[in-house]
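Listed below are the residues making up each chain.
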Amino acid sequence: MNRRMIGKLLGLLLMLECLFLFPPALISALDGEGRALSAIFTVMAISAGGGAILWLLCRNAEGSFYAREGFLITTLGWVVMSAVGALPFWLSGEIPRYVDALFEVISGFTTTGASILTNVEAMSRGLLFWRSFTHWLGGMGILVFLLAIVPMGKGGYSVHLLRAESPGPSVSKLVPRMRQTAGILYLIYIILTVLCVVFLLFGGMSLFDSLCTAFGTAGTGGFGVRNDSMASFSPYCQSVCTVFMTLFGVNFNIYFLLLLGKFSQALRSQELRVYLGIFFGAVAVITVDICHIFGGIRQALHHAVFTVASIMTTTGFATEDFDLWPQLSRTILVVLMIVGACAGSTGGGIKCARLLLLCKALGARIRQMLHPRSVNLVRVDGHTVEEETLQGVNTYMTAYCFIAIASVLLLSLDNLSLETNFTAVMACLNNIGPGLDLVGPTSNYSHFSDLSKLTLIFNMLLGRLEIFPMLVMLSPRTWKRAS
């Protein structure tokens, strides 16, 4: 194992985190938030100092860098940055308990949006900005950002890091060089975020609220700046978020194809068709189901589209308490929590790409049973899917089910309702935020015990990193010197 290279990259990440804390520090300084500013400066010093020491000790790192190192640096990077990123909340006293601060910041970085805060509006603006900014940083990926701005040199570092952090069953290059691929992804991400901010400003939002809301929308995270999430904003601003949540749930490869003018190839994407088909189907059913609540089709459609976009893209914003909706609508929303958005997007869930592959593999298996001598290949967008990819999807789903069951059992020790425990696990494992019952859109996660919060923290990291990097880090075999 190349421990020195891992240390070098961790040092770079910590120094980057120091830079990420500068905007919140500036806001706190301008607002005269002395306690928050002092906490942020302290953490900036810790982050910069610790990162510099690690980098200096390991700056001459050389040698091989394989998938194992990629998984480790990805997982350790997220854990270390989260552990440091929680300190401003804790040191300022705005979140008095460190485990709660850690829950909040990991929920931010993993774009989950689950919160332990009972009064968001009481938080200082500097730390409120940091809370939302973590969504934006985690949406496209911290290491993708590192790859986009820092030359990695030779040795295959880039491909292993990008594959370890990127969501979906497989990762492909948009251009021959991985650094260029990371740069293109972030450029698209920035452009869409800026457009979202501009449209929100046109709707009368303040610059601060527009930035924080756009961060939550772009990262499909869902941390709001108001206690009622998006309910008190205008229908126009809600509609803007609906459109951009849906856009950020699309595979970014589609946008790259559109930029190249390959419109027909982009629109032929089977994953995109599955995503949009499920989206519009869910909207139609829920609109009819809740029409009597709002007394008309127009209001029902508005809230149905917003909520489906929010849940399916795993953003977690809310305009209404959907926990009060009819059972059919609530059940559909739970299913959407699990399905999630497209691979290669900022959304969570198991991804439409995996659902598509599972359905195609099931169909191929049934045909094989009916015609044993036939050759039944799984094809997506005209390309044959490799057996290794299908095995990876099956393994992922097996691990997903085991983890979900074990997590629900651990949460049951708190003696809360099954609906609360199950949807809390689904909301955290799929990086959504709100669930049903005691973790509904008008509630929070503060009533869970520390053990349950740590379990849900683990779920959030598992969900964002697609399970395997976390499992690799926890495996004793990973840390042996011999491969």
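Values in this document were obtained by computation on a predicted structure and should not be read as measured data. Within every chain, residues take consecutive numbers counted from 1 along the sequence as written. Where totals are concerned, whole chains, interfaces and linings use all residues; where local detail is concerned, this predicted model gives features only for residues with pLDDT of at least 70, and gives and counts side-chain atom pairs only at 80 or more. No hydrogens and no water enter the side-chain calculation; it runs on all heavy atoms of the structure.

Engineer: I would appreciate a short explanation of a nonpolar patch on the surface in the present structure.
Structural biologist: On the surface, L187, I190, I191, V194, L195, V198, F199, F202 and Y236 cluster together to form a nonpolar patch covering roughly 830 Å² of accessible area. Among the elements that make up the nonpolar patch, the one with the highest residue count is helix 10 (residues 178-202) (eight residues). For L195, the position within the fold is in helix 10. A patch is a set of surface residues, each over 30% in relative accessible area and not in a salt bridge, joined within 9 Å for like charges and within 5 Å for the nonpolar side chains Val, Leu, Ile, Met, Phe, Trp and Tyr. Each accessible area value is a Shrake-Rupley result obtained with a 1.4 Å probe; residue values ignore everything except the protein chains displayed when judging cover. Salt bridge, as used here: a side-chain nitrogen of Lys or Arg that lies within 4 Å of a carboxyl oxygen of Asp or Glu. In DSSP terms, a helix is any run of H or I states spanning at least four residues, a strand is any run of E spanning at least two, and both are numbered starting from the N terminus.

Engineer: I keep staring at the state of the cysteines and nothing clicks. Help me out?
Structural biologist: What makes a disulfide is a covalent bond joining the sulfur atoms belonging to two cysteines. A pair of sulfur atoms, both from cysteines and within 2.5 Å, is called a disulfide here. For the structure shown, the criterion picks out zero disulfides. Lacking any disulfide linkage, C359 is separated from the closest cysteine sulfur, that of C352, by 10 Å. Cysteine C428 is unpaired, with the sulfur of C401 as its nearest cysteine sulfur at 17 Å. Only protein chains enter the calculation, and the probe is 1.4 Å; a residue is then buried if its accessible area is under 20% of its type maximum, exposed if over 50%, and partly exposed in between. Given a relative accessible area of 0%, C428 falls into the buried group.

Engineer: How should I be thinking about the confidence of the model for the protein in this particular structure?
Structural biologist: Close inspection of predicted coordinates is inappropriate for parts of the model with low pLDDT. You can read pLDDT as the predictor saying how much it trusts each residue, on a scale of 0 to 100. Averaged over every residue, the pLDDT of the protein is 88; residues scoring 70 or more account for 90%. When pLDDT is averaged over each element of the protein, helix 5 (residues 87-91) comes out on top at 97 and helix 9 (residues 157-165) at the bottom at 52.

Engineer: What's the story with helix 13 (residues 252-259) in this structure? I'm lost.
Structural biologist: Because an α-helix packs 3.6 residues into every turn, residues spaced three or four apart end up facing the same way. Among the residues making up helix 13, those that are buried are F252, I254, Y255, F256 and L257. For this analysis, a polar contact is any N or O atom pair within 3.5 Å, provided that within protein one partner can donate a hydrogen and the other can accept it, and provided that sequence-adjacent residues contribute only side-chain to side-chain pairs. For helix 13, the capping residue at the N-terminal end is N251, with a side-chain oxygen 2.9 Å from the backbone nitrogen of N253. Of the residues one or two after helix 13, G261 is the one with positive phi, at around 80 degrees.

Engineer: In this structure, what is going on with the pattern of salt bridges? I would like to understand it.
Structural biologist: A pair can form between side chains of opposite charge whenever their charged atoms are brought close. Going through the model one piece at a time under the given rule, you end up with ten salt bridges. With a shortest N-O distance of 2.8 Å, R131 and E104 are connected by a salt bridge. Within this pair, whereas R131 is found in helix 7 (residues 125-140), its partner E104 is found in helix 6 (residues 98-109), the two being separated by 27 residues in sequence. Here R131 and E104 have matching classes, each one buried.

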